[in-house]
Amino acid sequence: MIWIKRGLALGLLVVLGVAMWLWMTMLSPWFYERPAHIAPIEQRSHQVFVYGTLRFAPVRWVVMHTGGEAQADALKGFTKNGLDLSPAPQGTVQGLLLTVTPQQLSRLDRYERLGVRYRREEVELESGEVAWVYRRLAEQASANAAAPNEQALVGYKRMVLAGSGAPDLPGYHWPAANDATDPRAKTRLFKETS
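The following refers to the structure shown. Along each chain, residue indices are assigned from 1 in the same order as the chain's sequence is written. Confidence filtering applies because this is a predicted model: local features only for residues at pLDDT of at least 70, side-chain atom pairs given and counted only at 80 or more, and all residues used for totals across whole chains, interfaces and linings. Hydrogens and waters are ignored; side-chain quantities use all the structure's heavy atoms.

## Let's talk about the environment of G77
Defined as follows: A run of H or I in DSSP becomes a helix once it reaches four residues, and a run of E becomes a strand once it reaches two; helices and strands are each numbered from the N terminus. Residues are treated as being in contact if the distance between any of their heavy atoms lies within 4.5 Å.
Note on placement: G77 falls in strand β2 (residues 69-81). As for G77 and A88, which are separated by eleven residues in sequence, their C-alpha atoms are 5.0 Å apart. What G77 contacts, discounting residues up to four positions off in sequence, is S86, P87, A88, P89 and G91.

What follows is the structure, encoded as structure tokens:
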């Protein structure tokens, strides 16, 4: 009988530990600060296309504090690739279209770690509705990885344009800010070839 009690107590501790870890890493306001380069949320209703864990009402209740108005929809021209979407001309991703308030969109941004793990972009769905969708930011697999994609460099570009200096990315250099031949020189990153 004592082993059953100890087993139940240990199981309860594991469940509580996992729940606490999930809350701290995904929902807690203490460990996520909205990056400065991300525009503020417009004060209107928004539509968001979800294709992963947010399709499930219990997850939406935990994240947004409501199940939200959800209707089935699809995104053509993409396939689901793990935690992201990949362009695929013949592909279709099934999901839900949510109508959310600015506060709920802010909670979704925190859950997805907007600007840290994901970016939010507008897409046209199969129904003709335009909605936000979260897509993974590019991650460098190693120091020898290719240059980050344009979307991943948004914050870096704004730092350079604001005059706060360019970040130090090994193997890459920023062109001179006064390059008169290219008006976009401040925002382009070049791979060193030597």
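## Let's talk about the pattern of salt bridges
Defined as follows: Here a salt bridge means any side-chain nitrogen of Lys or Arg lying within 4 Å of a carboxyl oxygen belonging to Asp or Glu. Each residue's exposure class comes from its accessible area (1.4 Å probe, protein chains only) as a fraction of the maximum for that residue type: buried when under 20%, exposed when over 50%, partly exposed otherwise.
Within this structure, the stated rule accounts for seven salt bridges. We note a salt bridge from R135 to D84, for which the minimum N-O separation is 3.8 Å. Taken as a pair, R135 in strand β5 (residues 130-136) and D84 in strand β3 (residues 84-100) lie far apart in primary sequence, 51 residues in all. Judged on exposure class, the residue R135 and its partner D84 are both buried. Linked by salt bridges that have partners in common, D84, R119, E121 and R135 make up one network.

## Notes on the layout of surface pockets
Applicable threshold: Cavities and pockets are found on a 1 Å grid laid over the protein atoms alone: a cavity is a set of points where a 1.4 Å probe fits but cannot escape, a pocket is an open set with protein on both sides within 12 Å along at least five of seven lines, and a lining residue has an atom within 4 Å of such a point. Grid points are joined across faces, edges and corners, and a volume is the space filled by probe spheres set on the points.
In this model, the second largest pocket occupies a volume close to 320 Å³. In terms of lining residues, the second largest pocket is bounded by 16 residues, among which T53, L83, Y111, E112 and Y118 are the most central. Among the secondary structure elements, those contributing two or more residues to the lining of the second largest pocket are β1 (46-50), α3 (102-112) and β5.

## Comments concerning unusual backbone geometry
The phi dihedral of H65 falls on the positive side, at around 70 degrees, and the residue is not glycine. Within the secondary structure layout, H65 lies in the loop between α2 (57-64) and β2. Positive phi, close to 55 degrees, is recorded for R113, a residue that is not glycine. Of note, R113 is situated in the loop between α3 and β4 (118-124). Using a relative accessible area of 4% as the deciding quantity, one classes R113 as buried.

## Things to note about the pairing of β1
In regular strands, side chains alternate between the two faces of the sheet. Here is the rule we go by: One requirement defines pairing of two strands: DSSP has to find at least two bridges between them.
With four of its five residues buried, β1 lies for the most part within the structure. Pairing between β1 and β3: five bridges, direction antiparallel. Residue pairing in the sheet places V50 in a bridge with L96 of β3. Judged from the two bridges that link them, β1 and β5 form a sheet pairing that is parallel. Bridging across to β5, F49 finds its partner in V133.

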